[in-house]
Amino acid sequence: MKKNIYMAQINYLHGKSTFLPYAAGTLIANAKANSEINDFYEFREPLFIREEIEKCLSKITEPYLVGFSNYIWNHEYNRVLARKVKEKYPDCIIVFGGHHISPDTSLMETDEYIDIMCFGEGEETFASLLLALKNGTSLDNVANIAYRKNGNPVYTFHKKTEGIDYPSPYLTGVFDSILEHYPEIDFHAVIETNRGCPYSCAFCDWCFTKKIRLFPMERIKGDIDWISEHKITYCYCADANFGIEKRDIETANYILEMKNKNGYPQVFKPCYAKNSDETVFEIGKILNHSGIDKGVTLAYQSLDAQTLENIGRKNLTLEHYSDLTAKYAEEKIPTYTELILGLP
């Protein structure tokens, strides 16, 4: 009998809308591409709705492993649910990963029910972990994790992630059962066209590497096809700098083509490249003149020279910033600058 794997990426429902659990889906799609993993494990439908803990717990049956994707909006919920899972199924392996996980073992030291923590990007790490557990080999050989050894959390070795051509959770059917079982929900989607960021802003935890790795255009267009054909209204682009590559114009044009063909997606929301240039301007025209987006970001970090030095960034000059705002205004494209306030 296959061993049950559950992935939890808990999101809020906003009315009847929520995001498909993309991060969990990417791990599942990549793991299932390995026949050895797929033959040994049964990947159950991902948990993705923030609901009463006991109701969520009731959806988990005889789990071998439950993996949790953690960010600020679900971390405390995950801790409660994970503890409940461990109480009900003491032999279940609890794995925590995601952006909210600090690069140390402090969480494992306070939360005794967590067995393993994964750091950084998850596809390769998670697949390696599942293979090691299946084959009974030492977890010391799995990169980028911490686990309990003789009762104490220990790190394994760090390995830089180089891969990018991972299977798409959309195109491999990971979300098909969710759409079938929750027809009342207006699902939002996330896509990536690249990973990485050339900047090193001290306040940002977005990327784990400065090297930009590009997803194949065939996969990007396949994801857009899936989103359009499944009538997904809102699509969020998880690139740190959409428009940093010339080919992003092709992506924007393809989104518009599919919207004109099927009516979806109706909204495509990218995070634009920090240093706005002609590529970003061209994309802004494509998306804003068609009503798919409603403005372009003009990044301005600080007006204080010491702050800029401390956070590792340089600003656009005021003259260039003024020229950009005038240029976008002439095309009737709204611009905005985000304000980040530090928490006390």
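As a reminder, the structure under discussion sits directly above these lines.
As a starting point, this report considers the structure included with it. Keep in mind that what you see is a predicted model, and the values were worked out from it rather than measured. Numbers given for residues are sequential positions, taken from 1 along each chain in its written order. A pLDDT threshold of at least 70 governs which residues receive local features in this predicted model, and a stricter bar of 80 or more applies before side-chain atom pairs are shown or counted, although totals over entire chains, interfaces and linings include all residues. In computing side-chain values, all of the structure's heavy atoms are included and hydrogens and water are not.

## Things to note about the overall build of the protein chain
Secondary structure elements are defined from DSSP: runs of H or I of at least 4 residues count as helices, runs of E of at least 2 residues count as strands, and each element is numbered from the N terminus. Assigned secondary structure in the protein chain consists of 12 helices and 16 strands. Expected size for 344 residues packed as a compact globule is a radius of gyration near 20 Å; at 21 Å, the protein chain falls within 12% of this value. Reported as C-alpha extents along the three principal axes, the dimensions of the protein chain are approximately 65 × 50 × 35 Å. Taken over 344 residues, the protein chain has a buried fraction of 50%. Contacts were defined at the residue level, with two residues in contact if any of their heavy atoms lie within 4.5 Å. Counting only contacts in the protein chain whose residues sit at least 6 apart along the sequence, the fraction spanning at least 24 positions is 71%. We take the radius of gyration over the C-alpha atoms and set the globule estimate at 2.2 Å times the residue count to the 0.38 power. Any residue under 20% of the maximum accessible area for its type is buried, any over 50% is exposed, and the rest in between are partly exposed; the area is computed with a 1.4 Å probe on protein chains only.

## A short note on helix 10 (residues 278–289)
Look at helix 10: 16 Å from first C-alpha to last across 12 residues, which is about the 16 Å you get at 1.5 Å a residue. Those residues of helix 10 lying buried are Thr 279, Val 280, Phe 281, Ile 283, Gly 284, Ile 286, Leu 287 and Asn 288. Those residues of helix 10 hidden inside the fold are in contact with helix 9 (248–262), strand 14 (267–269), strand 15 (296–297) and helix 12 (318–330). Here a polar contact is taken to be a pair of N or O atoms separated by no more than 3.5 Å, where protein atoms must pair a possible hydrogen donor with a possible acceptor and residues adjacent in sequence count only if both atoms sit in side chains. The backbone nitrogen of Thr 279 has a side-chain oxygen 3.0 Å away, supplied by the residue at the start of helix 10, namely Asp 277. Positioned one or two residues after helix 10, Gly 291 has a phi angle of 80 degrees, which is positive. Residue count minus one, scaled by 1.5 Å, sets the expected span of a helix.

## Here we look at helix 12
The end-to-end C-alpha separation of helix 12 is 18 Å, in line with the 18 Å expected for 13 residues at 1.5 Å each. At the exit of helix 12 stands Lys 332, carrying a positive phi of roughly 60 degrees.

## Observations regarding the packing of helix 1 (residues 22–32) against helix 6 (residues 123–135)
Orientation is described by lines fitted to C-alpha atoms, with helices fitted over the stretch in contact, and by angles between N-to-C directions that extend from 0 to 180 degrees. Where helix 1 contacts helix 6, the two axes come as close as 9 Å, and the packing angle between them is 50 degrees. Judged by the inter-axis angle, helix 1 sits oblique to helix 6. You can see that helix 1 and helix 6 cross each other, and the crossing is right-handed. Across the interface between the two elements, Thr 26, Leu 27, Asn 30 and Ala 31 from helix 1 touch Glu 123, Glu 124, Phe 126, Ala 127 and Leu 130 from helix 6. Gly counts as polar in this scheme, as do all residues outside two lists: the nonpolar Ala, Val, Leu, Ile, Met, Phe, Trp, Tyr, Cys and Pro, and the charged Asp, Glu, Lys and Arg. Grouping the constituent residues of the contact of helix 1 with helix 6 by class yields five nonpolar, two polar and two charged. Here roughly perpendicular refers to angles of 65 to 115 degrees, roughly parallel to angles under 35, roughly antiparallel to angles over 145, and oblique to all remaining angles. The hand of a helix crossing depends on one turn: near helix anticlockwise from the far one by less than a right angle means left-handed, and clockwise means right-handed.

## Some points on the packing of helix 8 (residues 217–229) against helix 9
Here helix 8 crosses helix 9 at 25 degrees, and the two axes come no closer than 10 Å. Considering their axes alone, helix 8 and helix 9 lie roughly parallel with respect to each other. Classified by chirality, the crossing of helix 9 by helix 8 is right-handed. Taken together, the residues of helix 9 that come into contact with helix 8 (itself represented by Met 217, Ile 220, Lys 221, Ile 224, Asp 225, Ser 228 and Glu 229) are Glu 250, Thr 251, Tyr 254, Ile 255, Met 258 and Asn 262.

## Brief notes about the sheet that holds strand 13 (residues 234–237)
Pairing between two strands requires that DSSP report at least two bridges joining them. Pairing within the open sheet is parallel, and its four strands lie in the order 2-10-13-14. With one partner strand each, in any of the chains shown, strand 2 (17–19) and strand 14 form the two edges of the open sheet. If you compare each strand with its neighbour and ignore which way they point, the axes differ by 20 degrees on average. Two elements, strand 13 and strand 14, share three bridges in a ladder whose sense is parallel. Bridging from a neighbouring strand, Cys 235 pairs with Phe 268 of strand 14.

## Overview of the packing of aromatic side chains
Aromatic rings from Phe, Tyr and Trp, with only the six-membered ring used for Trp, were paired whenever their centres fell within 6.5 Å, and each pair was classed as stacked if the ring planes differed by under 30 degrees, edge-to-face if by over 60, and tilted otherwise. Applying the stated criterion to the full structure yields 13 aromatic pairs. Consider the rings of Phe 19 and Tyr 234, whose centres lie 6.1 Å apart with planes at 85 degrees: the pair is edge-to-face. Residue Phe 19 is located in strand 2, and its partner Tyr 234 is located in strand 13; the two are separated by 215 residues in the primary sequence. What makes Phe 19 partly exposed here is its relative accessible area of 27%. Given the relative accessible area of 24%, Tyr 234 is considered partly exposed. Measuring from ring centre to ring centre gives 4.9 Å for Phe 40 and Tyr 41, while their planes differ by 85 degrees; the resulting arrangement is edge-to-face. Taken together through their ring pairs, the aromatic side chains of Tyr 22, Tyr 170, Phe 175 and Trp 226 make up a single cluster. Placement of a positive charge over a ring is assigned whenever Lys NZ or Arg CZ falls within 6 Å of the ring centre and within 35 degrees of the normal to the ring plane. The lysine or arginine in question, Lys 134, covers the ring of Phe 40, its NZ or CZ lying 5.6 Å from the ring centre. Across the ring face of Phe 281, the terminal group of Lys 327 is positioned such that the distance to the ring centre comes to 4.4 Å.

## Considerations on the environment of Asn 78
Turning to its location among the elements, Asn 78 is positioned in helix 4 (residues 75–88). Using a relative accessible area of 0% as the deciding quantity, one classes Asn 78 as buried. When the C-alpha atoms of Asn 78 and Ala 127 are compared, they prove to be 22 Å apart, with 49 residues separating the residues in sequence. Beyond its immediate stretch of four places on either side in the chain, Asn 78 contacts Ile 10, Phe 68, Ser 69, Asn 70 and Phe 96.

## Describing a nonpolar patch on the surface
On the surface, Tyr 12, Ile 72 and Trp 73 cluster together into a nonpolar patch covering about 340 Å² of accessible area. Among the structural elements, Ile 72 can be located in the loop between strand 5 (63–69) and helix 4. Each patch is built from salt-bridge-free residues with over 30% relative accessible area, joining like charges within 9 Å and nonpolar side chains (Val, Leu, Ile, Met, Phe, Trp, Tyr) within 5 Å. Exposure was quantified through the Shrake-Rupley algorithm and a 1.4 Å probe, taking into account, for residues, occlusion by the shown protein chains and nothing else. Should a side-chain nitrogen of Lys or Arg be within 4 Å of a carboxyl oxygen of Asp or Glu, the pair is scored as a salt bridge.

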